[in-house]
Amino acid sequence: HAETLEQKLLRLLDREKLADKLAPLLLKHKVHSVQELAGWQQAALVRLMGLSSAEAATLRLAAATELQIVQGRALAVSVIQHLEVGGHSEYVIRTIAAAPDGRRQQFSSQQRVTKFRQLHEQIRVALAPQLPSAFPIPKVPKLLHSLTVDSAKRMTTLEAYLRDAVQSSQGNLPPEFRAFLNIP
C-alpha cells in the first residue's frame, strides 16, 4: 500500500513527539503533499502550526529530502548543520538513499569547505559539463574568515552544489563522491 505523506515524513523524522503533533496539523492546514509542505517557510510553520524552530527546521528538511526522492532521485543530500571544530568550520551532510524496494538508508559525514573543494577537483571532469568548472565558494583568507563568512549562506550553497553533483552523476556516483558522503 502507498504511504501517506505523514508516514513518509515521520519515517524520515523518527521523532515520536513531533509525530503526535504533526498529523493533525497537516490536516488542519490542508497540507496534502510533500511539494506543498516543502514550499512552506520555516517561520510560517512556527507561527501557524505552533512548532518550535527546531521542529520546523526538521520538518522542512524532511519534506525537502522526501521531495528529492519523490522527484525520482535515488539520493537526497542535505547540509543539515554547521559546526565550529578546532577553530574551523565543518558542515554535517546527511544523505538518504532510496533502494528500489522503497526502503531508505541514511548516511552522514562531516566535512570542511577545503574537503568540498578537493572533492570538486576530483569529480568535476567526470561530471562535466553539468558541474561547473569553478567551485561555487571562493577562498577566503583565514584572517578575514570570521568577518566575511556567512555560515547559513554557505550551507545553502554547499547543499545546492551537492544536489547538482548528485543530479549530474545520474545515479552513478564516482567513488570519491561516495566516500565523501560516507556511502559504502
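Quick summary incoming for the structure in this document. (Residues numbered from 1 in each chain as written. Predicted model: local features only at pLDDT ≥ 70, side-chain atom pairs only at ≥ 80, totals over all residues. Heavy atoms only, no water.)

Before going further, it helps to examine the pattern of salt bridges. All told, the structure shown has two salt bridges when counted by the stated rule. Between Glu121 and Arg124 there is a salt bridge; the shortest N-O distance is 3.2 Å. Its relative accessible area of 28% is what places Arg124 among the partly exposed residues. Its salt-bridge partner being Glu159, residue Arg163 comes within 2.8 Å of it at the nearest N-O pair. With Arg163 and Glu159 both in helix α8 (residues 151–169) and four residues apart, this pair spans about one turn of that helix. Since its relative accessible area comes to 22%, Arg163 is described here as partly exposed. (Salt bridge = Lys/Arg side-chain N within 4 Å of Asp/Glu carboxyl O. Buried < 20%, exposed > 50% of the residue type's maximum accessible area, 1.4 Å probe, protein only. Helix = DSSP H or I, 4+ residues; strand = E, 2+ residues; numbered from the N terminus.)

When a protein is soluble and globular, its nonpolar side chains tend to lie buried together. Judged by nonpolar contacts, the single largest core of 26 residues is most densely connected at Ile93, Phe116, Ile123, Leu158, Leu162, Phe177 and Leu181. Looking at this core, the elements with two or more residues in it are β1 (75–85), β2 (88–98), α6 (113–123), α8 and α9 (175–181). When residues in this core are grouped by element, the largest group, six residues, is from α8. Among all residues touching Ile123, those that are not within four sequence positions of it are Leu131, Tyr161, Ala165, Pro174, Glu176 and Phe177. Ranked by size, the runner-up nonpolar core spans seven residues in total, among them Ala44, Leu51, Ala56 and Leu59. (Core = buried A, V, L, I, M, F, W, Y, C linked by side-chain atoms within 4.5 Å. Contact = heavy atoms within 4.5 Å.)

Purely geometric stuff here, so don't read any function into it on its own.
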